Amino acid sequence: MAAPEKGRERAAVRSYGIGQPVRRVEDRRFLTGKGRFVDDISLRDQCHAVIIYSPHAHARIRRIDTAAAGSAPGVLCVLTGADVAADGLGGIPPKFMPEDIGGPKGLRTLRPILVADRVRHVGDRVAMVVAETLAEARDAAELLEIDYEALPAAVSAADAVAAGAVAVWEECPGNVCFTLTIGNQAAAEAAFAGAAHRIALKLRNNRLHPSPMEGRAALGIYDAAEGTYTLHTSSQGPHAARELLANSIFHEHEIKFRVIAPDVGGGFGMKTDPYPEDALVLWASRRCGRPVKWTASRSEGLMSDNHGRDETVEGELALDRDGKILAMRAHSLHSLGGYIVSAGAAPIDYTLRYTPGAYDIPAVWATATAVFTHTAPISVYRGPGRAEGNYLIERLLDAAAVKLGIGPDEIRRRNLVKSSAMPYATQTGSVYDSGEFERLMGECMALADWQGYAERQAASERAGKLRGRSVIYYIEHAGIFNDRMELHFDPSGMVTILAGTHSHGQGHATAFAQLVGEFLGIPFDEIRYVQGDTDKVPFGRGTFAARSSQIAGNALKLASDAIIAKARPRAAFLMEVAEADLEFDSGQFRIAGTDRSMALQDVAKSLFQIAFLPPQFSVGLDASATYSGDVPNYPNGCHVCEVEIDRETGQVSIDRYAIVDDVGNAINPMICEGQIHGSTAQGIGQALLEEVVYDRTTGQLLSGSFMDYCMPRASDIGSLTTAFSCVPCTTNPLGVKGVGESGTIGAPPAVMNATLDALRRVGVTDLDMPATPSRVWRAMQDGAARIAAQ
């Protein structure tokens, strides 16, 4: 190859390499309406399912009469909990419990795919109707006669642990599933005893619905001839779905199950593990001999999907006279809902671990109690536990700054972990390997024009509005478990990535191709990406916990190194030199000290030689590798928010918002920025708008549609100004840190602290999320009354 041509090829590879803002290759099909989601898939002889959900939060099922529904036009079958038992099907256990890793024991519930005896939340699945058309299935569902005996409900965690509360599970009187503790109680108590200042707050993390753009859907096919099952489902982890369906529900070998997660329109943790409907469509297909399709309506999703957050916490800080934190205490109640599902224990553990945030706190004592309630189950939601922990420390720090009469930036500056202290071991079990927290905070304040605030505040006052600001610092735990990635060359020299992770908005097809292109010198458009099909990808754990850049990225590096090692002997054979004489760079094997070279892709092609391939070589070129998240990484960053509040209506408007993030070495800065924008929008939604609300007495869902569950719109977000100031991670070869959950962690305290900064001028000192106009207006009236009474 001529030198100029080689140079052009290298430049082309580098323009798509690590650190380049390459446009996402996935977006063209999404923007042109060519995405393929589960509900887009229709099969020959397909029929339709409707699920009948419990209208009661707690009730005994006395009788289900299916006769009228079963004889309705077009109906193929009507299934109930009694049929589940008759067919020997199991239920859905939690992914893990604290006792599995040495923690306390708790009641390990089994979520039924159809309830036979007692429902435990509005939205529990009670029956299923399958018919030729969706309309016929809906009509028949109306004919089902279900006799319920309504029972008292324990709706909030506080009510569920109160004396005399009704038990959600008879096996768990008192409704406490487990309590986790962390830290050194004696050290914390001693520090509080000698503290110059104590700050205490009681806060609530509102219950949220993840609300991905695409709701859940499932299409099940049973092949009677082969005895196999195929499930198309909107999932973040198809292999995890296959494992649970095979082992826990159908009690058959995994090899009989194929799970396909095609394009998935967002997950946010909600789609990490399978739901009853995934099993039901497969079972119904086996019973009816036809493909069975089910798609949730938005109201069904709000009622029956796993929710997030729902925590109440009492937290305290002990400080010396100069505002240096001496100790922290926190005691929280976490609702589990009617069942502990999926990774429902994880948010509780991570809440404890990230209560200290990014701060140097010498003593910590914290407890977290998991409580069964008659509500939909709580599981992981973008930033699980990290959001709750960071929210508490950031709210406490602002309260401490007010009491001590120092700025919110100054109290943080005095307490942030110093870069010179890295690696820094927290009192709650994390080891921060890298970070320059104080520098990032300064950069974010400059980006936000912190010094120009007084002028903007005066302008707001002239306009009759209140203005407030905040600066917060967050830290996140990213990367968990191990995973596997594979690379396969085809006879044309193209390479295919078989991903154990799963992209549902993260842009993996782009970012992973950038990595492989740089590692192997393969042109970007000659790299294919395959995911989400358990028959095509041998194994994978899916995507959650901001894990993919670290786990998949480093696994791809190891697999690429293995490809080069496998190809080197073949290249040496073809070039008639010793292996030791070859160097590899930019996709080329070169004989050291000469201009002779051979492209890796040509070496790969040669390994598909149809005959007379020397016996020391195998046909084809492929490699797999595994990387583990046993040592996580710690994304971190600073948010500066300014809000205006309308005195007449209580409307909170975000006027300015600046973010500086440390994501380590960014694989694709444009994708990282998109993740920051999206997660921050969700965090703002929690702070200002979103809340799943149940009637506290009956457990009826009061926010059952987007008319009542308020989603953030573009006008609610304002203009985000973002920047990266990256400190490479020292514990993984690529130096990457996660990015997907950062905004949901940083935005709630940033928005709420800014809101309270504005409201203190009118006598408001405390406010819980969401800061809706009505809630803010009422707080202002109460504040004015307190001031008048003084």
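Cut-offs applied
- Residues numbered from 1 in each chain as written.
- Predicted model: local features only at pLDDT ≥ 70, side-chain atom pairs only at ≥ 80, totals over all residues.
- Heavy atoms only, no water.
- Helix = DSSP H or I, 4+ residues; strand = E, 2+ residues; numbered from the N terminus.
- Rg over C-alpha atoms; globule rule 2.2 N^0.38 Å.
- Buried < 20%, exposed > 50% of the residue type's maximum accessible area, 1.4 Å probe, protein only.
- Contact = heavy atoms within 4.5 Å.
- Areas by Shrake-Rupley, 256 points an atom, 1.4 Å probe, with all protein chains shown as cover.
- Lys, Arg positive; Asp, Glu negative; His and termini not counted.
- Charge placed at Lys NZ, Arg CZ, Asp CG, Glu CD.
- Salt bridge = Lys/Arg side-chain N within 4 Å of Asp/Glu carboxyl O.
- Phe/Tyr/Trp six-rings, centres within 6.5 Å; stacked < 30°, edge-to-face > 60°.
- Lys NZ or Arg CZ within 6 Å of the ring centre and 35° of its normal.
- Polar contact = N/O pair within 3.5 Å; in protein donor to acceptor, adjacent residues only side chain to side chain.
- 1 Å grid on protein atoms, 1.4 Å probe; cavity = no way out; pocket = protein on both sides within 12 Å on 5 of 7 lines; lining within 4 Å.
- Points joined across faces, edges and corners; volume = space filled by probe spheres on them.
- Nonpolar A, V, L, I, M, F, W, Y, C, P; charged D, E, K, R; others polar.
- Arc of directions from axis to C-beta.
- Pairing = 2+ DSSP bridges.
- Axes fitted to C-alpha atoms, helices over the stretch in contact; angles between N-to-C directions.
- Expected span 1.5 Å × (residues − 1).

Attention shifts here to the overall build of the protein. Counting secondary structure elements, the protein contains 22 helices and 28 strands. Relative to a compact globule of 790 residues, whose C-alpha radius of gyration would be 28 Å, the protein shows 28 Å and is just as compact. Seen through its C-alpha atoms, the protein measures out along the principal axes to roughly 95 × 70 × 50 Å. Across the 790 residues of the protein, 59% fall into the buried class. Long-range pairs, those at least 24 residues apart, make up 80% of the contacts in the protein between residues at least 6 apart in sequence. If you sum the accessible surface of the protein, you get close to 29,500 Å²; carbon and sulfur atoms cover 51% of it. Here the protein carries 77 positive and 94 negative side-chain charges, and the mean point of each set is 2 Å from the other.

Tallying each qualifying case throughout the model produces 52 salt bridges. A salt bridge links Asp-535 to Arg-258; the shortest N-O distance between them is 3.6 Å. Pair noted here: Asp-535 is in the loop between strand 21 (527-530) and helix 17 (548-575) and Arg-258 is in strand 11 (residues 257-260), with a separation of 277 residues, a long-range link. Classification of Asp-535 by relative accessible area gives exposed; the value is 53%.

For the coordinates displayed, the defined rule picks out 15 aromatic pairs. Considering the side-chain rings of Tyr-229 and Phe-257, the 4.5 Å spacing of their centres and the 5° angle between planes classify their relative orientation as stacked. Linking Tyr-229 in strand 10 (residues 228-233) with Phe-257 in strand 11, this pair joins segments that are 28 residues apart in sequence. Each of the two residues, Tyr-229 as well as Phe-257, counts as buried. Ring centres of Tyr-424 and Tyr-432 lie 6.3 Å apart, and the angle between their planes is 35°; this geometry places the pair in the tilted category. Looking at Tyr-432, the relative accessible area reads 0%, which means it is buried. Here the aromatic residues Tyr-222, Tyr-229, Phe-250 and Phe-257 are joined through ring pairs into a cluster of three or more. Against the face of Tyr-275 rests Arg-216, its NZ or CZ located 3.8 Å from the ring centre. Over the face of the ring belonging to Phe-544 we find Arg-547, whose NZ or CZ atom lies 5.0 Å from the ring centre.

Moving on: the side chain of Glu-642. In this fold, Glu-642 is placed in strand 26 (residues 636-646). Here Arg-467 takes part through its side chain, which lies 2.9 Å from a polar atom of the side chain of Glu-642. If we skip the residues at most four places from it in the chain, Glu-642 touches Ala-448, Tyr-453, Arg-456, Arg-467, Gly-468, Arg-469, Ser-653, Ile-654, Asp-655 and Arg-656.

Attention now goes to unusual backbone geometry. The omega angle of the peptide bond from Met-422 to Pro-423 is -5°, so this bond is cis rather than trans. Within the secondary structure, Pro-423 is located in the loop between helix 13 (408-415) and strand 16 (424-425). Cis rather than trans, the peptide bond between Met-769 and Pro-770 has omega equal to -5°. When you line up the elements, Pro-770 lands in the loop between helix 21 (742-759) and helix 22 (773-789). The phi dihedral of Asp-310 is positive, around 60°, even though this residue is not glycine. Tracing the chain through its elements places Asp-310 in the loop between helix 10 (298-304) and strand 13 (311-319).

It is worth spelling out the layout of surface pockets at this point. Of the volumes computed, that of the second largest pocket is approximately 580 Å³. Lining the second largest pocket are 25 residues, and of these Ser-156, Ala-157, Arg-204, Asp-310 and Thr-312 sit closest to its centre. A total of five residues in the lining of the second largest pocket trace back to one element, the largest contributor, which is strand 14 (residues 325-337). When its residues are assigned to classes, the lining of the second largest pocket shows nine nonpolar, seven polar and nine charged.

Overall, the coordinates contain four cavities of 30 Å³ or more when judged by the stated rule. Looking at the largest cavity, its volume works out to about 70 Å³. In this structure, the largest cavity is lined by 14 residues; those nearest its centre are Arg-216, Thr-233, Ser-234, Tyr-275 and Asp-278. Elements that contribute at least two residues to the lining of the largest cavity include exactly strand 9 (217-223) and helix 9 (276-288).

Here we come to helix 14 (residues 437-447). Residues Phe-437, Leu-440, Met-441, Cys-444 and Met-445 constitute the buried set of helix 14. All buried residues of helix 14 project into a common sector of 135° when viewed along the axis, lining one side. In this structure, the buried side of helix 14 is in contact with helix 13, strand 17 (431-432), strand 18 (465-475), strand 26 and strand 27 (652-662).

Here we come to the environment of Arg-298. By the element assignment, Arg-298 lies in helix 10. Classification of Arg-298 by relative accessible area gives partly exposed; the value is 29%. For the pair Arg-298 and Gly-215, spaced 83 residues apart in sequence, the C-alpha to C-alpha distance is 6.9 Å. The contact partners of Arg-298, leaving out residues within four places of it in the chain, are Ser-211, Pro-212, Met-213, Gly-215 and Phe-706. Polar contacts involving the side chain of Arg-298 include one to the main-chain carbonyl oxygen of Pro-212, which spans 3.0 Å.

On to the sheet that holds strand 26, then. Read across the open sheet, the four strands follow the order 18-26-27-28; overall the sheet is mixed. One side of each edge strand has no neighbouring strand; the edge strands of this open sheet are strand 18 and strand 28 (720-724). Each strand of the sheet is rotated relative to its neighbour by a mean of 10°, with strand direction disregarded. Where strand 26 meets strand 27, 10 bridges bridge the pair, whose relative direction is antiparallel. Counterpart to His-639 in the pairing with strand 27 is Ile-659.

Structural remark: α-helix, 3.6 residues per turn; residues separated by three or four positions point the same way. Under the 1.5 Å per step criterion, the end-to-end length of helix 12 (residues 386-404) is 27 Å for 19 residues, consistent within 8% with the ideal 27 Å. In terms of burial, helix 12 is a largely internal element, 17 of the 19 residues being buried. Residue Gly-405 follows helix 12 closely and has a positive phi angle near 70°.

For the rest of this paragraph, the subject is the sheet that holds strand 1 (residues 47-53). Strand order in the open sheet formed by seven strands is 3-5-1-12-9-10-11, and the pairing between neighbours is mixed. The two strands at the open ends of the sheet, each matched to only one other strand, are strand 3 (75-80) and strand 11. The mean angle between the axes of side-by-side strands here comes to 20°, regardless of whether they run parallel or antiparallel. Bridge analysis of strand 1 against strand 12 (residues 292-295) gives two bridges, and the strand direction is parallel. Bridging across to strand 12, His-48 finds its partner in Lys-293. Running over the sheet, helix 8 (residues 238-250) touches strand 10 and strand 11 and is turned about 145° from strand 11. The sheet strands contacting helix 9 are strand 1, strand 3, strand 5 (125-131), strand 9, strand 10, strand 11 and strand 12, and the helix crosses strand 9 at an angle near 35°.

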